[in-house]
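Chain residues, written in single-letter form:
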Amino acid sequence: MLENNNVLAFAIALVGLLQAGFLFLVLRNEGKSGWHVNRWMMVFLLAVSASFLRDIILLFGGTAIALILEPVLFSAYFALGPAMYLYFRELSGHSDNHPWKHFLVLPCVCLIAGAMIGLVFFHHGDEILAGSPLHITFANDLIASVIATCLFIGLFGFAVCYHVALSRCVYASARQLRLAGDHHSMMRRRWSLNVVICLHAVLVAFILSQVVQLVASDMHWSNLLINVGFVLTLLRLSFLLASQPFRTGKNNPEKKARPQKVTNHSAPQDDYADVICAKLDRIVADQRTLFDPLLTMPKLAATIGVTPNQLSHVLNNVIGQSFFEFVNTVRVHEAARLLCEEPDRNILDIAMTVGFNSKSTFNLAFKRATGMTPSHYRIQAITEPDRKDMGACFRLTPITPVRN
């Protein structure tokens, strides 16, 4: 029975390593344009691979080698949460200015785990070198057991905290992408929600593994259950990439649109920001571009003649709005005017005219901008005809850079 368990553990670990390697190569092929997002998913895959390596090293290297490498392999678990949190931050366009601070806990965990392994070798070195089965309990090694318990409790709390943080980030981003409604945004939304559901499954597998370890007092089945959760997650991600590929670096129009050359691509100079803002003013006045239901950030950037990174920088740091907020503000402003000036016109028709793909998306964007639904807004305009400003419940001012 023991040999069958070893074969099963090896098979699961091998499949997991192959899947992680496949996804790593896919992300690497995205190129430099997708590097800032994909690097964190790569860190996640490396940390997951460490979990698979634990079982392989234990099977073929023996207990002594497995214990020596345990501090490094165990501390890799603490990289899972931060890696996915930073991945979703980058994917949603809200990157962290100091990302590596999230990984400062890893060397601390490695040192604590190293001290625990040192105690284990000090108390049970002869048994380990002789190849005898090693069972550490509170009865035969209190200090090592207490340290191990604290590490697992710390890992659980650490994982839950980052899981909550990344879930909030994903669901907030999903709402914005749903408001955008274009094909690329919906693909990005589907990918993010599926990834976070997979992470939910991994967290459940981790909790169940700890319950199994407490009930059965056997870490073998505990590690096996965690690895099964990781394998299923990687298989699901591979299936999503195969069935509906989502790319952060493909079809990037930066190479097609030849912008004016600037010294710092991530932070345009003030005069260059002025040029972008002036062009945005003309596009707002013309309206046809912003009412395109298939409008995306790259498409708008190409129309202006800049890169998506430059346009994003100006929108977020100079104008103070995200791409979706900027476009929806202009669309809702025009829709508000049409609701007042054409009271008999169908609301869905107005929504389609200004670039929304569905009435539900239009209602969400309109209520966020005005505080009321389109129908309520129209009724109020009819019942209060003396209010001449109903067609402009919020004013669209010229886009001028705000200097500090």
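## With respect to the nonpolar core
The nonpolar side chains of a soluble globular protein tend to be buried, and buried together. In this structure, Phe 44, Met 84, Tyr 87, Phe 88, Trp 191 and Phe 230 are the most contacted members of the largest nonpolar core, which totals 68 residues. Every element with two or more residues in this core is listed here: helix H1 (2-28), helix H2 (35-75), helix H3 (80-91), helix H4 (105-130), helix H5 (142-180), helix H6 (183-216) and helix H7 (219-243). When residues in this core are grouped by element, the largest group, 16 residues, is from H2.

## Some words on empty space enclosed by the protein
Enumeration according to the criterion identifies seven cavities of 30 Å³ or more in this entry. What lines the largest cavity is a set of 17 residues, and nearest its centre among them are Leu 80, Gly 81, Ala 159, Val 202 and Leu 203. Counting residues per element, the lining of the largest cavity draws most heavily on H5, which supplies six residues. Tallied by class, the residues present in the lining of the largest cavity amount to 15 nonpolar, two polar and no charged.

## What to know about the packing of helix H9 (residues 297-304) against helix H10 (residues 308-319)
Axis separation between H9 and H10 bottoms out at 8 Å; the angle between their running directions is 95°. Viewed along their axes, H9 and H10 adopt a mutual orientation that is roughly perpendicular. Of H10, the residues touching H9 (which contributes Met 297, Pro 298, Leu 300, Ala 301 and Ile 304) are Pro 308, Leu 311, Ser 312 and Leu 315. Among the residues making up the contact of H9 with H10, the classes are represented as eight nonpolar, one polar and no charged.

## With respect to the side chain of Ser 92
Tracing the chain through its elements places Ser 92 in the loop between H3 and H4. Apart from the residues lying within four places of it in its own chain, the contact partners of Ser 92 are Cys 169 and Ser 173.

## Focus: the pattern of salt bridges
Counted under the stated rule, the structure contains seven salt bridges. Note that Asp 292 is salt-bridged to Lys 299, the shortest N-O span being 2.6 Å. With a relative accessible area of 39%, Lys 299 lands in the partly exposed category. We note a salt bridge from Arg 345 to Asp 349, for which the minimum N-O separation is 2.7 Å. Linked by salt bridges that have partners in common, Glu 334, Arg 337 and Glu 341 make up one network.

## With respect to the packing of H2 against H3
Put simply, H2 and H3 touch, their axes get as near as 8 Å, and they point 160° apart. Taken together, the axes of H2 and H3 are roughly antiparallel relative to one another. Crossing handedness for the pair H2 and H3: left-handed. Residues His 36, Val 37, Asn 38, Arg 39, Trp 40, Met 41, Val 43, Phe 44, Ala 47 and Val 48 of H2 pack against Leu 80, Ala 83, Met 84, Leu 86, Tyr 87, Glu 90 and Leu 91 of H3. Of the residues contributing to the contact of H2 with H3, the split by class is 13 nonpolar, two polar and two charged.

## A closer look at the environment of Val 196
Within the secondary structure, Val 196 sits in helix H6. With a relative accessible area of 0%, Val 196 lands in the buried category. For Val 196 and Met 84, which are 112 residues apart along the polypeptide, the C-alpha to C-alpha distance reads 9.0 Å. Excluding anything up to four places from it in sequence, Val 196 contacts Phe 88, Leu 166, Ser 167, Val 170 and Tyr 171.

## A closer look at H3
For H3, with twelve residues, the first-to-last C-alpha span of 17 Å sits near the 16 Å given by 1.5 Å per residue. Within H3, twelve of the twelve residues are buried, which leaves the element mostly enclosed by the surrounding structure. Gly 93 lies just past H3 and shows a positive phi near 85°.

## Here's the deal with a nonpolar patch on the surface
A grouping of Phe 138, Leu 142, Ile 143 and Val 146 is seen on the molecular surface, where their side chains present a nonpolar patch of about 380 Å² in accessible area. On the secondary structure map, Ile 143 appears in helix H5.

How each quantity is defined
- Residues numbered from 1 in each chain as written.
- Predicted model: local features only at pLDDT ≥ 70, side-chain atom pairs only at ≥ 80, totals over all residues.
- Heavy atoms only, no water.
- Core = buried A, V, L, I, M, F, W, Y, C linked by side-chain atoms within 4.5 Å.
- Buried < 20%, exposed > 50% of the residue type's maximum accessible area, 1.4 Å probe, protein only.
- Helix = DSSP H or I, 4+ residues; strand = E, 2+ residues; numbered from the N terminus.
- 1 Å grid on protein atoms, 1.4 Å probe; cavity = no way out; pocket = protein on both sides within 12 Å on 5 of 7 lines; lining within 4 Å.
- Points joined across faces, edges and corners; volume = space filled by probe spheres on them.
- Nonpolar A, V, L, I, M, F, W, Y, C, P; charged D, E, K, R; others polar.
- Axes fitted to C-alpha atoms, helices over the stretch in contact; angles between N-to-C directions.
- Parallel < 35°, antiparallel > 145°, perpendicular 65-115°, else oblique.
- Contact = heavy atoms within 4.5 Å.
- Salt bridge = Lys/Arg side-chain N within 4 Å of Asp/Glu carboxyl O.
- Left-handed = near helix turned anticlockwise from the far one by under 90°.
- Expected span 1.5 Å × (residues − 1).
- Patch = residues over 30% accessible without salt bridge, like charges linked within 9 Å, V, L, I, M, F, W, Y side chains within 5 Å.
- Areas by Shrake-Rupley, 256 points an atom, 1.4 Å probe, with all protein chains shown as cover.

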